[in-house]
Amino acid sequence: MSGVAGTDILRVEDLSMRFGGLLAVAGVSFEAARGAITSLIGPNGAGKTTVFNCVTGFYRPTGGAVLLQAPEVAGGAPVALHRLAGHRIVRAGVARTFQNIRLFSGMTALENLLVAQHNALMAATGWGIGAVLGLVRYPRAEAAAIDRARAWLAATNLLERADDPAGALPYGAQRRLEIARAMCTDPLLLCLDEPAAGLNPRESDQLAALLLRIRSGEAPNGAPCSILLIEHDMGVVMRISDRVVVLDHGRKIADGTPAAVRADPKVIAAYLGEEEADEDAPAEAGVAGSGVAGAASGPGGTA
Amino acid sequence: MSAPAGVAEAPPRAAAPVAGALREAGLAALVALGLFGPMVGLRTEPGAGGLMLVQRWPTVALLCAMVFVGRFGLVWARSHRFPAFLPALARAVPLALALALLFALMLPPLPTGETLLSAGGHDRALALLALFVVAGGVFLALGWGRAAPAVAVASTRSGRWEGSLRRFGRVLGPLLLALALLLPALPWVGRYTLDLGILVLTYVMLGWGLNIVVGLAGLLDLGYVAFYAVGAYSYALLSTSLGWSFWLCLPLAGIMAAFAGILLGFPVLRLRGDYLAIVTLGFGEIIRIVLLNWVSLTGGPNGIGGIPRPSFFGLSFSAGGGPGSFADFFGLEPSPTHRVVFLYYLILALALLTNWVTIRLRRQPLGRAWEALREDEIACRALGINVTTTKLTAFALGAMFGGFAGAFFATRQAFISPESFTFLESAIVLAIVVLGGLGSQIGVAIAAVVMIGGFEVFRDLAEWRMLVFGGAMVLIMVLRPRGIVASRTPTVALGKRRAISGELVGEGHG
Ligand SMILES: Nc1ncnc2c1ncn2[C@@H]1O[C@H](COP(=O)(O)OP(=O)(O)O)[C@@H](O)[C@H]1O
Ligand SMILES: [Mg+2]
C-alpha cells in the first residue's frame, strides 16, 4: 500500500463494489507498476471483471479509490478514475477489452480501428462542421489515423483482413483486433479481460509475445504501455507477468511474483476448491458464447 | 460480462415451460388490466344531462386477452427454441392489434346503428385492418431482424440478389438522379406527375433524414413527424407573422426542428430499444396535440392559412404574371406550371442536400461513431466516445432535415393544420426506411418511390389499396427481412471496398 508515486501507474485503494446484497469486491488494494504486466487472477466469480469495470469507469465503486498516476496527465497529480465519467477514462489513458468480445461486427477491421481514434479525429474535423465542408486539415488527420491503424493491423497480424467485417473474422483474430483497437486510443495502461480465452495454444503464444511487445514499446505506439491482465490461462500468466494479484470471493488472497504466488498455499486451495465446480472452464465456454451471448449480459447496467 | 460468461445465455427453463409461460402471461394480463381498466374501460361522453360515464369492459377484456395470448406465445416460443420468426410474430401481432385498437378508440364514434361490419363502418374497418397489417409488418420486421443471430451464414439466394442489386445499383443511382433532374422537361410529364414527383421527393427527403437516426445511429424514432410539424409550423408562423422571406425562414425552421430534436433527445436518449420507441411516439403525439390546442398561436384545428409561396430570387409566381413576376421577367407566358416546376426542383435540391450531407458525414468520424453506436454502445464508451452527444447530433441532424421538409410542405400547401402530422406519417417514413434497408441511401429512395408511387397508382382501389399495400409490404419483409438493400458499404478501405452482408450489421438497441 505504500507505493512510491513514481513507479506505480495505477493504485487501487480499498476498492469495494456491492451489488445489492452481494459484495463482489471487498476492500481490494493493489498497485500496477509502470511498464510492467500485472495479472489479476482468481477463480470464476472472484470479482476480477468487477475490478476492471471499476477501473475503466463502467461501475462507480461503492467504496475506495482508483488512482492513475500518470505524470503526463494533469501535471503529475494522480487522476481519480473512480470519479471520472465513463468516456473520459480513455482520455486519461486507460483502454480496455472485454471478456465477451465487443467489436463493431458490421464494420471492417480498419473501421473498428478508426472509431477508436474518434476523439483525435473529431478534433481535427472541427467537430463535424469542418469535415462536411471538406476542410484540408481533416484528410491529413485521417491519413495519419489510417497509417496508425495499418501499423496496428500489421502488429496483430491482421493486415490482409483489414477490409473484412470484424464479425466475419475467426475468433482468435477478433481477440487480436480488439487489442489493436484498444491500443489505437494510445493508452498508458491497457486492461485486458481474458484475452486468451478461446485461443488455441499457438495463438496463446502469439498473444503472449504481442503483450510483451506492447509492454516494451516495440509495438507501433512507440511508448511502453503498462498492462493489467485478467487471465485464466496460467501458462500465459506465469510466463509474462511481472506481478500477480490473486482474488477470491472479492478479497485479495495473494500478491507477488508469479513464482511466489504459485507456491502460495492459499492460492492452491482457492483453485483446488474450484476444480470440481468448474468443469466447463471459461476458455471453452467463451468460444461457444462468443459475439451475441455477451451482448445480453454487458456491464451496461451499472450500479 | 460477469463470471459465468460461458452460460451468459441461460438455457430456457426446460421444466414445465407451459406452466411458466402461463404464469408470466397471467402477470402481464394483470398489468394490462390495471392499465387498460381506467384508461379504456371508462370513458366520458356527452349525454343527455351533461357528461355520462360509459363503461367498456368487453374492450378491456379483449385487450387483456390479447396481452395474455401474446405474452404466452412469446414465452412459450422462446422456451421451444423456435426460429426467431415466431417470437417476433408473437410480439408483432399483439403490438399491431393494440395499435389498431387504440386508433379505433381515438376515432369519433360511428353514427348510431352502424357497426364496423355494416355498410357505414366498412371504410373504417378496412382502414383499421390495413393499419393492423402495416404495423404488424413493421413490428415483425423490426423484431425479427433484431432477433436474428449476429453471425449467420449468408444464404446464397440473398447473397446473389445482393450481388446483382449492387451491380445494378451502380447504374441505378445515377439513372434515378438523371430521371429526377430531367422529369419536368419530359414532354409527356404533366402537372399531375410533377405533383406526384414532389410528393415522392418529400418522402425521399424525410426517409433520408430519418435514416440518419434509425439507419445509422440505430435509434428507433417513431415520432419523426414531430420535427416535420415543428419545421412546418415554424415556417408558417415566421413567414405569416413576420413576413420574412422563404430563404430566411427555411434555415430557421430547420434550426427550430433541430432544437426540438435536442430538447427531446436530452431526456430520452438514455432509454433504449422499445422504451425509446414508445417515448418518441409519445413525443410525436404531444406535438400534434399542442398544435391542436394552442389555438392562440397555431390556430388550433383551423390551422394556418395564407402561407407565402416561395419566390424565385424575389420574382413571384403570381398567376396573373404582373410586373415583377417570374413569367414577366423571363418573358414567358404566365403559367401555374412554373411554380410547380420550381417547387419540384426545390425539394429535389433539399433532398439531395440531405443525401450529400449524410454521405459525407458517414465517411467522417461523426458518422462512423453513429454506426459504431448502432453496433455496440458499450464498446463505444470504452473507446472514449461521448455516447450522449453523439446520439444527440444524430437526433438533431435528422430533426433538422425533417424541419426543412416541413417548411417545404408548408410553403407548397400554403395551408397547414395538425391533421397533416399524424402518427401515420411517422409510420410511413419509418416503413420507407425499414423497407429500403436501414442505412442504405439508394434503398430508401427506391422504397419511397415504390411506396408513395404505388399508393397513387392503386388509387382506384380506394380503401383496398392500403390492404394490398400492407400485404405487399409484409411479403417483402418476409422475403427480405432487412430491406431492399441489406448490405453495408465500408466507409474506408485499404484495398477494394467490399459490401458487408446485412447479417453482420447491427440494427441498434435504441
Ligand atoms: N452487474 C452486476 N450485478 C450483480 N452482480 C454482479 C454484476 N457484475 C458482477 N456481479 C457478480 O459479482 C461477482 C463477481 O463477478 P466477476 O467480477 O464478473 O467475476 P470474475 O472474477 O469471474 O470476472 C459474481 O458473483 C457476479 O455474479
Ligand atoms: Mg470475468
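Residues numbered from 1 in each chain as written. Chains lettered and ligands numbered in written order. Predicted model: local features only at pLDDT ≥ 70, side-chain atom pairs only at ≥ 80, totals over all residues. Heavy atoms only, no water.

1. Remarks on the overall build of chain B
Tallying secondary structure elements over chain B gives 18 helices and two strands in all. The buried share of chain B, reckoned over its 510 residues, is 48%. When contacts within chain B are restricted to residue pairs at least 6 apart in sequence, those whose partners lie at least 24 apart make up 73%. About 23,400 Å² of surface is accessible on chain B, with carbon and sulfur atoms providing 71% of the total. (Helix = DSSP H or I, 4+ residues; strand = E, 2+ residues; numbered from the N terminus. Buried < 20%, exposed > 50% of the residue type's maximum accessible area, 1.4 Å probe, protein only. Contact = heavy atoms within 4.5 Å. Areas by Shrake-Rupley, 256 points an atom, 1.4 Å probe, with all protein chains shown as cover.)

2. Looking at a nonpolar patch on the surface
Residues and elements named next belong to chain B. Where nonpolar side chains cluster on the molecular surface, the patch consists of Leu177, Leu181, Leu182, Tyr345 and Leu352 and spans about 400 Å² of accessible area. The set of elements that each furnish at least two residues to the nonpolar patch consists of helix 5 (156-182) and helix 12 (336-362). The greatest single-element share of the nonpolar patch, amounting to three residues, is contributed by helix 5. As for its position among the elements, Tyr345 is in helix 12. (Patch = residues over 30% accessible without salt bridge, like charges linked within 9 Å, V, L, I, M, F, W, Y side chains within 5 Å. Salt bridge = Lys/Arg side-chain N within 4 Å of Asp/Glu carboxyl O.)

3. Things to note about the pattern of salt bridges
In the structure shown here, the tally under the stated rule is 21 salt bridges over all chains. The shortest N-O distance in the salt bridge between Arg181 of chain A and Glu178 of chain A comes to 3.9 Å. Of this pair, Arg181 of chain A and Glu178 of chain A are both found in helix 7 (residues 171-183), three residues apart, which corresponds to roughly one turn of the helix. Since its relative accessible area comes to 2%, Arg181 of chain A is described here as buried. A salt bridge links Glu24 of chain B to Arg71 of chain B, with the shortest nitrogen-to-oxygen separation between them at 2.6 Å. Note that Glu24 of chain B is positioned in helix 1 (residues 17-41) and Arg71 of chain B in helix 2 (residues 57-79), a separation of 47 residues in sequence. Residues joined in a network through salt bridges with shared partners are Glu111 of chain A together with Arg362, Glu371, Arg374, Glu375 and Arg488 of chain B.

4. Quick word on the packing of helix 6 (residues 191-216) of chain B against helix 15 (residues 387-413) of chain B
Residue and element names in this part refer to chain B. The N-to-C vectors of helix 6 and helix 15 enclose an angle of 165 degrees; their axes lie 7 Å apart at closest approach. Taken together, the axes of helix 6 and helix 15 are roughly antiparallel relative to one another. Pair helix 6 / helix 15 crosses with left-handed handedness. Between helix 6 and helix 15, the residues in contact are Asp195, Ile198, Leu199, Thr202, Met205, Leu206, Gly209, Ile212 and Val213 and Ala394, Phe395, Leu397, Gly398, Phe401, Gly402, Phe404, Ala405, Phe408 and Arg412, respectively. (Axes fitted to C-alpha atoms, helices over the stretch in contact; angles between N-to-C directions. Parallel < 35°, antiparallel > 145°, perpendicular 65-115°, else oblique. Left-handed = near helix turned anticlockwise from the far one by under 90°.)

5. Some words on the packing of aromatic side chains
Residues and elements named next belong to chain B. Counting across every chain of the model gives 13 aromatic pairs over all chains. Relative to Phe246, the ring of Tyr235 lies with its centre 5.6 Å away and its plane at 70 degrees, an arrangement referred to as edge-to-face. Here the residue Tyr235 occupies a position in helix 7 (residues 225-242), and Phe246 occupies one in helix 8 (residues 246-268), the gap between them amounting to 11 residues. In this structure Phe246 comes out as buried when scored by relative accessible area, which is 4%. Both rings, one in Phe409 and one in Phe421, keep their centres 5.8 Å apart while their planes meet at 75 degrees; by these two values the pair is edge-to-face. Note that Phe409 is positioned in helix 15 and Phe421 in the loop between helix 15 and helix 16 (423-436), a separation of 12 residues in sequence. On the accessibility criterion, Phe409 (15% relative accessible area) is buried. (Phe/Tyr/Trp six-rings, centres within 6.5 Å; stacked < 30°, edge-to-face > 60°.)

6. Remarks on the coordination of the magnesium ion (ligand 2)
As a benchmark, a tetrahedral metal site with four donors has ideal angles of 109.5 degrees, while an octahedral site with six donors has ideal angles of 90 or 180 degrees. Residues and elements named next belong to chain A. For the magnesium ion (ligand 2), the full set of protein donor atoms is Thr49 (OG1) and Gln99 (OE1), at a range of 2.0 to 2.2 Å. Residue Thr49 is found in helix 1 (residues 48-55), and its partner Gln99 is found in the loop between strand 6 (94-96) and helix 3 (109-116); the two are separated by 50 residues along the sequence. Note on Thr49: relative accessible area 10%, which makes it buried. (Donors = N, O, S within 2.8 Å, 3.2 Å for Na, K, Ca; no water.)

7. A closer look at the sheet that holds strand 4 (residues 63-68) of chain A
All names here are of chain A. The four strands lie next to each other as 2-1-4-5, forming an open sheet whose pairing is antiparallel. Each of the sheet's edge strands pairs with one partner strand only, and the pair in question is strand 2 (22-33) and strand 5 (79-80). As defined by bridge partners, strand 1 (residues 8-19) adjoins strand 4 across five bridges and the pair is classed as antiparallel. When the sheet's bridge partners are listed, Glu13 is paired in strand 4 with Ala65. (Pairing = 2+ DSSP bridges.)

8. Describing the side chain of Ser426 of chain B
All names here are of chain B. Position of Ser426 relative to the elements: it lies in helix 16. Residue class for Ser426 comes out buried when judged on its relative accessible area of 3%. From its side chain, Ser426 meets the backbone nitrogen of Tyr224 in a polar contact 3.4 Å long. Within the local environment of Ser426, its side chain forms a polar contact with the backbone nitrogen of Val225, the two atoms lying 3.1 Å apart. With residues near it in sequence (within four places) discarded, Ser426 still touches Leu222, Gly223, Tyr224 and Val225. (Polar contact = N/O pair within 3.5 Å; in protein donor to acceptor, adjacent residues only side chain to side chain.)

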